[in-house]
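Listed below, chain by chain, are the residues.
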Amino acid sequence: MSSLGWRGEGACRGTDPDALFETGSAQNRAKTVCTGCPVRLECLAYALDNREWFGVWGGMTQRERRALLRSRPNVTSWRHLLENAQAAAELEAATGARTSVQAKAS
């Protein structure tokens, strides 16, 4: 990882930063930059944990992130929650079984 941490590894690192701060339907085009990004989880967790109100972060628009924050007001660490969910999904994919972490998150 670069000296910029996860930010230096993002799929958006070579794009115009203003392109990620579009409004309206242009945000859907901006979200395509995040598709397949190797640090999408870290980016989204950062935006949620730090209440980044504007722009596309981790493949989610500000409206989508705000709705998620409202739906789960008691989450203290989105990074922790997202990492656990990712690990559970990987385990499920490997074993074909639903894990208790996923059951709790539902």
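See the structure above.
The rules behind the values
Residues numbered from 1 in each chain as written. Predicted model: local features only at pLDDT ≥ 70, side-chain atom pairs only at ≥ 80, totals over all residues. Heavy atoms only, no water. Helix = DSSP H or I, 4+ residues; strand = E, 2+ residues; numbered from the N terminus. Buried < 20%, exposed > 50% of the residue type's maximum accessible area, 1.4 Å probe, protein only. Contact = heavy atoms within 4.5 Å. Areas by Shrake-Rupley, 256 points an atom, 1.4 Å probe, with all protein chains shown as cover. Disulfide = S-S within 2.5 Å. Polar contact = N/O pair within 3.5 Å; in protein donor to acceptor, adjacent residues only side chain to side chain. 1 Å grid on protein atoms, 1.4 Å probe; cavity = no way out; pocket = protein on both sides within 12 Å on 5 of 7 lines; lining within 4 Å. Points joined across faces, edges and corners; volume = space filled by probe spheres on them. Nonpolar A, V, L, I, M, F, W, Y, C, P; charged D, E, K, R; others polar. Salt bridge = Lys/Arg side-chain N within 4 Å of Asp/Glu carboxyl O.

Undergrad: Just checking my understanding: could you explain the overall build of the protein for this structure?
TA: Along the protein, the regular secondary structure elements total 5 helices and 0 strands. Secondary structure elements of the protein occur, N-terminal to C-terminal, as α-α-α-α-α. Within the protein, the fraction of its 106 residues that count as buried is 31%. Within the protein, residue pairs in contact and separated by at least 24 positions form 42% of the contacts whose partners lie at least 6 positions apart. Taken as a whole, the protein presents about 6,900 Å² of accessible surface, with 53% of it coming from carbon and sulfur.

Undergrad: Can you help me understand the state of the cysteines in this one?
TA: The tally for this structure, following the rule as stated, stands at 0 disulfides. Cysteine C12 remains unbridged, with the sulfur of C43 as its closest cysteine sulfur at 6.2 Å.

Undergrad: Help me understand unusual backbone geometry, please; the structure alone is not making it clear to me.
TA: With the exception of glycine, the majority of residues adopt a negative phi angle, and the majority of peptide bonds are in the trans configuration. A positive phi angle, close to 50 degrees, is found at R51, a residue other than glycine. Turning to its location among the elements, R51 is positioned in the loop between α2 (40–49) and α3 (62–71).

Undergrad: I would appreciate a short explanation of the side chain of Q27 in the present structure.
TA: Residue position: Q27 is located in helix α1 (residues 26–31). Judged by its relative accessible area of 9%, Q27 is buried. Within the structure, the side chain of Q27 is placed 3.0 Å from the side chain of Q62, a separation counted as a polar contact. Once residues within four sequence positions are removed from consideration, Q27 is found in contact with E22, V56, T61 and Q62.

Undergrad: Help me out: how do you make sense of the environment of R51 in this one?
TA: Judged by relative accessible area, which is 35%, R51 ranks as partly exposed. Remark: the alpha-carbon pair of R51 and R65, spanning 14 residues in sequence, is separated by 8.7 Å. A distance of 2.6 Å separates a polar atom in the side chain of R51 from the backbone oxygen of L48.

Undergrad: Is there a simple way to think about the layout of surface pockets in this case?
TA: In this approach a probe as big as a water molecule rolls over the atoms, and the regions it shows empty are the leftover space. Its boundaries defined by the atoms lining it, the largest pocket holds a volume of some 350 Å³. Along its surface, the largest pocket is lined by 20 residues, and W6, C12, L20, C43 and W57 are the ones closest to its centre. Among the residues forming the lining of the largest pocket, the class breakdown is 13 nonpolar, 4 polar and 3 charged.

Undergrad: Looking at this model, I keep getting lost on the pattern of salt bridges. Mind explaining?
TA: Pairing between side chains becomes possible if they bear opposite charge and their charged atoms approach one another. Taken as a whole and judged by the stated rule, the model has 2 salt bridges. K31 is paired through a salt bridge with E64; the nearest N and O atoms lie 2.8 Å apart. Taken as a pair, K31 in helix α1 and E64 in helix α3 lie far apart in primary sequence, 33 residues in all. Overall, the relative accessible area of 30% leaves E64 in the partly exposed class. Of the charged contacts in the structure, one is a salt bridge between R79 and E83, with a shortest N-O distance of 2.8 Å. With R79 and E83 both in helix α4 (residues 78–95) and 4 residues apart, this pair spans about one turn of that helix.

Keep in mind these values describe shape, not function.
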